[in-house]
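What the coordinates show
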Amino acid sequence: MSEKIDNDLKEIEYLYSLIKDENSRKEYDVLTKQEIYAKNLPLKSEGVKTGIIRNFTSKLSKEKWYQFEVAPNGENKKQILVIPKRNYQYITQMGVMAYLKEYEIVKNVNGMEMHFPVTTNTRFDEIDMLMHVDKPRTEGENEYIKLFYNQMSDIHLTTCQRKFDGYIGTVENNLNGPMFDMNEEDLATTKLISQKEREEER
């Protein structure tokens, strides 16, 4: 009887080691995908210093909450919740006043409800209006929505959380058409926000 129990325990230990290895493989695959994805983003986090930010101030946001259904490339449609947190302003290296907003994005990723603290200047009010407008969208508007979808993708949110302290860049609709951009000074501001939040938690 005791021999059977010993054999069962050995089998359980072996199966557990396989599970650990499988989990390690999955984690490694996720990190590899994030690294490859990050290399294609228009900003590198290395070398960005928070010291370039001056006259840094913030206040609680009064913006409304948003709920969107997003369909990024290669993903099923998912619901996201966008919760406004704070509005920041600072002086850039060139002496220009700049702004950045902090939100919490709630999204289901791999069966788990995830909460992503992010910073961006994407105009969620514009996105909300476009997604609920009662007329056909132009080609430019569709491209704008598509860029927004990809900004809200699992891979973008998870990569930016790990590599850029939650800075997810900005989707803009300007005179040259829709575009996605990541700004070094906005990233430096985000790093400063993260640093101050960590200090407050101590």
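Above: the structure in question.
The following paragraphs examine the structure supplied in this document. (Residues numbered from 1 in each chain as written. Predicted model: local features only at pLDDT ≥ 70, side-chain atom pairs only at ≥ 80, totals over all residues. Heavy atoms only, no water.)

Comments concerning helix α3 (residues 139-151)
Stated precisely, the cut-off is as follows: The numbering of helices and of strands both runs from the N terminus, where a helix is a DSSP run of H or I of at least 4 residues and a strand a run of E of at least 2. A helix is expected to span 1.5 Å for every residue after the first. Only protein chains enter the calculation, and the probe is 1.4 Å; a residue is then buried if its accessible area is under 20% of its type maximum, exposed if over 50%, and partly exposed in between.
For α3, built from 13 residues, the straight-helix expectation of 18 Å at 1.5 Å per residue is met to within 8% by its first-to-last C-alpha distance of 18 Å. Of all the residues in α3, the buried ones are Glu141, Tyr144, Ile145, Leu147, Phe148, Tyr149 and Gln151.

Some remarks on a negative patch on the surface
Test applied: Patch membership is restricted to residues that have no salt bridge and whose relative accessible area is over 30%. Joining uses 9 Å for like charges and 5 Å for the nonpolar side chains Val, Leu, Ile, Met, Phe, Trp and Tyr. Note on areas: these come from Shrake-Rupley sampling with a 1.4 Å probe, and a residue is covered only by the protein chains present in the view. A carboxyl oxygen of Asp or Glu within 4 Å of a side-chain nitrogen of Lys or Arg is what we treat as a salt bridge. When charges are counted, Lys and Arg are positive and Asp and Glu negative, with His and the chain ends excluded. Where a charge sits is defined by one atom per residue type, namely NZ (Lys), CZ (Arg), CG (Asp) or CD (Glu).
Together, Glu197, Glu199, Glu200 and Glu201 give the surface a local cluster of negative charge. Tracing the backbone through its elements, the reader meets glutamate 200 in helix α5 (residues 184-201). For glutamate 200, a relative accessible area of 66% gives the class exposed.

Remarks on the pattern of salt bridges
The full count for this structure, using the stated rule, is 12 salt bridges. Close ionic contact of glutamate 35 with arginine 162 constitutes a salt bridge, the shortest N to O distance being 2.7 Å. Linking glutamate 35 in helix α1 (residues 2-39) with arginine 162 in helix α4 (residues 154-163), this pair joins segments that are 127 residues apart in sequence. The residue lysine 107 makes a salt bridge to aspartate 154 at a minimum N-O spacing of 2.6 Å. Of this pair, lysine 107 sits in strand β4 (residues 97-109) while aspartate 154 is found in helix α4, placing the two residues 47 residues apart along the sequence. Residues lysine 107 and aspartate 154 agree in their burial class; the two are buried. Salt bridges sharing partners connect three or more residues here, namely Glu75, Lys78, Lys107 and Asp154.

Structural notes on the pairing of strand β3 (residues 78-91)
Formally: Whether two strands pair depends on DSSP finding at least two bridges between them.
Sheet analysis places strand β1 (residues 54-60) next to β3, joined by 5 bridges and oriented antiparallel. Residue pairing for β3: lysine 59 is matched across the bridge by asparagine 87. One ladder, built from 5 bridges, connects strand β2 (residues 66-70) with β3; its direction is antiparallel. Residue glutamine 67 lies in a different strand from β3, and its bridge partner there is leucine 81. As judged from the 11 bridges shared by β3 and β4, these two strands associate in the antiparallel manner. Within β4, the residue paired with tyrosine 88 across the bridge is leucine 100. The antiparallel pairing of β3 with β4 creates a hairpin that spans 5 residues between the two strands, and glycine 95 there sits at a positive phi of about 80°.

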